[in-house]
Amino acid sequence: MVLLFSSIINYTKKSLRPHGLGDFSVRGVFLQPLFLAWFCFTAFTFYSGSKGVILTDTMMFMVFLIATIIAGPYVFKAQGGIGHLLENLMNNPNIPENLLDYHGNIPGAGATDVFGAVMYAVTMGIIWFITVSVSPWQAGRNMMAKSEHVTFRAGAIAAACTVIFLMYLNLQSVTVLNLNPGMEDPQRVLIWAAFHVMPKLVGTLMLAGIMAAGLSSASTFLSVIGFSITSDIVFVEFKSEKQQLFVSRVIMLILGAISLLLAYTGIGSVRIVTYFASTIIAASWGVSAIGSVVSKKLSATGARWSMIAGFVGFIVTKCLVGFHVGLFATVFINFLDPFFIGIYLSLFFAILGSKLHPVTEEEKAYREKLLILPESEKVIKDYKIDKVFGYLLIAAGIAVTLFLLFGWALPYNGII
């Protein structure tokens, strides 16, 4: 929610300032639409719940996917065609240094050398791998699926679409460097292209897709927050589901209003806030989420201590680095990155908590019950269909690898 509101505020400030409007005027002009956006997705989440959020997610995916596919040819054509993209980037003196190298732009990764830049990429890969694996909004959707086979097939399609779609989207983003290399805020490359490169209808569709993505995420998190607090955090015996739903809505309203106020202050960039939030999720929940499935020894106490230790370990070390306290800014890097500190502490306290408070017979029986394969999942025909989706995912990975190899790596290094 903060990400969505902040992007609205920041974009409006930059758009209206050239017309002579100061920061205070910009905030005043856009306060009403901002409040309207908050009111709309809050009301929708109130009355639709998780199933309604799935509907918005599906619509967002379709709108954003179609908009990106249609917009691509216009962006590529504006700089001379996709066939000349690499050549134009290599001859463009205004692009960030080392951007096309395997390690990327070193300062952009917050590093001082190649190893640090590569470690940044590896760290973010691990973070998002864990985040997507254990995030409760993903688990909630899987629990509503018809069967495990549907979950697997949808996951295979989503993985293939993510790899191919993001590559196509990133190609459009980097293309803008040849059209407008001196952008003040590089996060707005596609918004700039929507206004200056694409036809009005296509640009409007692209902006609608971007806003749909923000609204979908906001409603998703709002739903998760309300239900998680009343179901998992606050130990209150509600008289009925109606009362629990009412309390969930009150919590959604309060936290949504707080997010609105924080966003109104214009905090941070979208990328920084997103990475920060995803890292907290991965450091806090990764060990306990995976351990609860693969380990027979992880107890409820161990899982609880693990989540607390991961959260505190990351937050404390991240603050020490961010505020440049002593030597910590140069110590907590690479394998001692705050994320890894959180993971190490999470794993340690998971083991310690489970040793001091072993798994009870009740916990053991509950885990074994969850691992029982339902009869409906044992149909051989379904597994044969699953294999087809698995092979398609492998084929998509090979195709993307070959495209990047022959379309970027080999030509860039002068091999072909």
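These lines cover the structure that appears in this document, whether it is placed above or below. (Residues numbered from 1 in each chain as written. Predicted model: local features only at pLDDT ≥ 70, side-chain atom pairs only at ≥ 80, totals over all residues. Heavy atoms only, no water.)

1. Here we look at the pattern of salt bridges
Logical step 1: Counted by the stated rule, this structure contains two salt bridges.
Logical step 2: Here Arg153 ties to Asp382 by a salt bridge, and the two come within 3.5 Å at their closest N and O atoms. Within this pair, whereas Arg153 is found in helix H6 (residues 148-179), its partner Asp382 is found in helix H15 (residues 380-412), the two being separated by 229 residues in sequence.
Logical step 3: Here Asp382 falls in the buried class, since its relative accessible area comes to 17%.
Logical step 4: Close ionic contact of Asp386 with Arg153 constitutes a salt bridge, the shortest N to O distance being 2.7 Å. Of this pair, Asp386 sits in helix H15 while Arg153 sits in helix H6; the two residues are 233 residues apart in sequence, bridging distant segments of the chain.
Logical step 5: In this structure Asp386 comes out as buried when scored by relative accessible area, which is 9%.
Logical step 6: Arg153 gets classed as buried once you look at its relative accessible area, which sits at 16%.
Logical step 7: The network of salt bridges with shared partners includes Arg153, Asp382 and Asp386. (Salt bridge = Lys/Arg side-chain N within 4 Å of Asp/Glu carboxyl O. Helix = DSSP H or I, 4+ residues; strand = E, 2+ residues; numbered from the N terminus. Buried < 20%, exposed > 50% of the residue type's maximum accessible area, 1.4 Å probe, protein only.)

2. Examining the packing of helix H11 (residues 300-322) against helix H13 (residues 338-356)
Angle between the axes and distance between the axes are the two parameters that describe a pair of packed helices.
Logical step 1: Taken N-terminus to C-terminus, the directions of H11 and H13 make an angle of 155 degrees; their axes are 7 Å apart at the nearest point. In terms of orientation, H11 lies roughly antiparallel with respect to H13. In the packing of H11 onto H13, the handedness of the crossing is right-handed. Contact with H11, carried on its side by Thr301, Gly302, Trp305, Ser306, Ala309, Gly310, Gly313, Phe314, Thr317, Lys318 and Val321, involves Pro338, Phe339, Ile341, Gly342, Leu345, Ser346, Phe349, Ala350, Leu352, Gly353, Ser354 and Leu356 of H13 and no other residues of that element.
Logical step 2: Here the contact of H11 with H13 is composed, by residue class, of twelve nonpolar, ten polar and one charged. (Axes fitted to C-alpha atoms, helices over the stretch in contact; angles between N-to-C directions. Parallel < 35°, antiparallel > 145°, perpendicular 65-115°, else oblique. Left-handed = near helix turned anticlockwise from the far one by under 90°. Contact = heavy atoms within 4.5 Å. Nonpolar A, V, L, I, M, F, W, Y, C, P; charged D, E, K, R; others polar.)

3. Thoughts on the side chain of Thr68
Logical step 1: Looking at the element boundaries, Thr68 is found in helix H2 (residues 23-78).
Logical step 2: In terms of polar contacts, Thr68 uses its side chain to reach the backbone carbonyl oxygen of Phe64, at 2.7 Å. (Polar contact = N/O pair within 3.5 Å; in protein donor to acceptor, adjacent residues only side chain to side chain.)

4. Notes on a nonpolar patch on the surface
Logical step 1: A surface patch of nonpolar side chains, amounting to about 840 Å² of accessible area, comprises Tyr391, Ile394, Ile398, Leu402, Leu405, Phe406, Ile415 and Ile416.
Logical step 2: Judged by its relative accessible area of 48%, Ile398 falls in the partly exposed class. (Patch = residues over 30% accessible without salt bridge, like charges linked within 9 Å, V, L, I, M, F, W, Y side chains within 5 Å. Areas by Shrake-Rupley, 256 points an atom, 1.4 Å probe, with all protein chains shown as cover.)

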